[in-house]
Amino acid sequence: MSARTKIGLVLGFLAGVLLSIFGKSPAKPTVDDLQRAEFKTSTQRLGIRFTERIRDVFRFRWLRKQRIKHR
């Protein structure tokens, strides 16, 4: 390992330590932020209506996504 690589490693380590001590952490979400981000997935509440033909086409995809999501 060359001297230049060692110096780079030491400087990188020191920068990491200093940032972990003095770095600003992101603000935690408040209750209001979470309520604003929450949305209902009901299509009827959104004013969208699906015919049975459209539901038949997409039903398999929706079920497949639900199975993957719950694993």
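The structure under discussion appears in the preceding block.
Before going into details, it helps to say that this report is about the structure given with it. Values in this document were obtained by computation on a predicted structure and should not be read as measured data.

Turning our attention to the overall build of the protein. Helix and strand content of the protein: 4 helices and 0 strands. Approximately 7600 Å² of the protein is accessible, and the part contributed by carbon and sulfur atoms is 61%.

What follows is about a nonpolar patch on the surface. A cluster of nonpolar side chains, namely Ile7, Val10, Leu11, Phe13, Leu14, Val17, Leu18, Ile21 and Phe22, defines an oily patch on the protein surface of about 940 Å² accessible area. Within the element layout of this structure, Leu14 appears in helix 1 (residues 3-22).

This part covers helix 1. With 20 residues, helix 1 should cover 28 Å at 1.5 Å per step; its first-to-last C-alpha distance of 28 Å lies within 8% of that length. Counting buried positions along helix 1 gives 0 out of 20 residues, so the element sits mostly on the surface.

Conventions adopted
Residues numbered from 1 in each chain as written. Predicted model: local features only at pLDDT ≥ 70, side-chain atom pairs only at ≥ 80, totals over all residues. Heavy atoms only, no water. Helix = DSSP H or I, 4+ residues; strand = E, 2+ residues; numbered from the N terminus. Areas by Shrake-Rupley, 256 points an atom, 1.4 Å probe, with all protein chains shown as cover. Patch = residues over 30% accessible without salt bridge, like charges linked within 9 Å, V, L, I, M, F, W, Y side chains within 5 Å. Salt bridge = Lys/Arg side-chain N within 4 Å of Asp/Glu carboxyl O. Expected span 1.5 Å × (residues − 1). Buried < 20%, exposed > 50% of the residue type's maximum accessible area, 1.4 Å probe, protein only.

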